[in-house]
Amino acid sequence: DAEVEEAIIAQFKDSFPNITIFGEESGYEADLPQTCWLIDPIDGTTNFIANVPTFTCMAVLIHHGDAVASVIYNPTTDDMFTAFRGEGAFKNQTKLDLSEIPLSQIAYSKGRHIEALNQLLAPFSIRTEIAPNGAGYGFSMVAEGSVAVRFQLHSRGGVHDYAPGALLVQEAGGVIVPILEPTYRYDTKSFVACHPSVAELIAGSVSLLRELED
C-alpha cells in the first residue's frame, strides 16, 4: 500500500503541482483544504493479498466541499473508470449511461443484511449477494450496470473509500440515496448507490435501512 501510494502521489505531483495531495497511508485530517486530491492506493487490500481480482486504485478530487473528479482503476482487468462532475462517467473512455442499460438482477451488501434486502428488492426480482471486499470495485460494477444496487451500510472507511465511486455512479446516471443524513455529501459514509430504475424504491425505504444501520 505504502509503495503504491508513493508512486501515485509522485505522478500526481507532476500533473497537479499546485494541488495538495493526501493518501490513505500517509493520512489526512477531516478538515480538508478547499482543493485537494485523496488517494486510495489499494482499495481491497485483503483481496489483493489473496489474488482476488476485486481490488482497485482510486483517487478523488475535492473542490469547495464537493467531489468533482474521480478515477477507479482495476489493475487486473486494465479497466479505467473516470468521472467528471457535470460531464459524465466513462469506462476506458466509453461513456456510461445507466438509463440505457437494463436493470441487473444482482445487489451487493454485507452478509448480515441479505435476507432483509432480498425482501426489499423482491418487486424487481433482484437477489442480494455478499459484496466483494473493495468499495471501488462494487461502485464500478453499479456504474457499468453489472450490479443494480450497492448498499453502503456499517461503513468504517473514509472519504477516499467512498467518494470516488459515489461520483462515478452519479455521473453514470445512477442515484445516491443517503441513509442517516438528509442529503448526500462527499464525506457521507452511509448510503445506497443504485440504478435509476430502483431509486424510488430505495428512497422510500430509508426508514428500513436506518433500522439495519442500528
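Undergrad: Looking at this structure, I do not really get the nonpolar core. What am I missing?
TA: In summary, soluble globular proteins display a tendency toward joint burial of nonpolar side chains. Among the nonpolar cores identified, the biggest contains 33 residues, and Leu 38, Ile 62, Phe 139, Leu 168, Val 169 and Phe 191 are the most heavily contacted of them. If you list the elements that add at least two residues to this core, you get β2 (35-43), β3 (56-63), β4 (67-74), β5 (79-84), α4 (135-144), α5 (159-171) and β12 (191-194). The greatest single-element share of this core, amounting to seven residues, is contributed by α5. Counting 19 residues, the second largest nonpolar core, distinct from the first, contains Leu 120, Val 149, Val 192 and Val 206.

Undergrad: It is not clear to me how the sheet that holds β3 should be interpreted in this structure. Could you clarify?
TA: The strands that make up a sheet are held in pairs by hydrogen bonds between backbone atoms, and each pair lies either parallel or antiparallel. As summarised here, the arrangement of the seven strands in space is β1-β2-β3-β4-β5-β6-β7, forming an open sheet in which the pairing is mixed. Looking at the sheet topology across the chains shown, the edges are occupied by β1 (20-23) and β7 (94-96). If you compare each strand with its neighbour and ignore which way they point, the axes differ by 20 degrees on average. Across four bridges, the pairing between β5 and strand β6 (residues 88-91) is antiparallel. Of the residues in β6, the one forming a bridge with Phe 84 is Gly 88. Sitting on the sheet, helix α1 (residues 2-15) touches β1, β2 and β3, and the angle it makes with β2 is about 150 degrees. Sheet contacts for α5: β2, β3, β4, β5, β6 and β7; angle to β4, the most-contacted strand, approximately 100 degrees.

Undergrad: Help me understand the side chain of Thr 82 in this model?
TA: Inspection of the secondary structure assignment puts Thr 82 in strand β5. Residue classification places Thr 82 among the buried positions, given a relative accessible area of 17%. Among residues more than four places away in sequence, those in contact with Thr 82 are Ser 70, Val 71, Gly 88, Ala 89, Phe 90 and Leu 168.

Undergrad: Before we go on, may I ask you to explain the pattern of salt bridges in this structure?
TA: Side-chain pairs of opposite charge can arise whenever the charged atoms involved come near each other. Scanning the model with the defined rule gives five salt bridges in all. With a closest N to O distance of 3.6 Å, Arg 127 and Glu 129 form a salt bridge. Overall, the relative accessible area of 46% leaves Arg 127 in the partly exposed class. Of the residues examined, Glu 129 reaches a relative accessible area of 29% and is grouped as partly exposed. Among the salt bridges present, the one from Asp 187 reaches Arg 185, with a minimum N-O distance of 3.0 Å. The class for Asp 187 is partly exposed, based on a relative accessible area of 31%. Taken together, the shared-partner salt bridges in this structure form one network comprising Asp 66, Arg 85 and Glu 171.

Rules behind the numbers
Residues numbered from 1 in each chain as written. Predicted model: local features only at pLDDT ≥ 70, side-chain atom pairs only at ≥ 80, totals over all residues. Heavy atoms only, no water. Core = buried A, V, L, I, M, F, W, Y, C linked by side-chain atoms within 4.5 Å. Buried < 20%, exposed > 50% of the residue type's maximum accessible area, 1.4 Å probe, protein only. Helix = DSSP H or I, 4+ residues; strand = E, 2+ residues; numbered from the N terminus. Pairing = 2+ DSSP bridges. Axes fitted to C-alpha atoms, helices over the stretch in contact; angles between N-to-C directions. Contact = heavy atoms within 4.5 Å. Salt bridge = Lys/Arg side-chain N within 4 Å of Asp/Glu carboxyl O.

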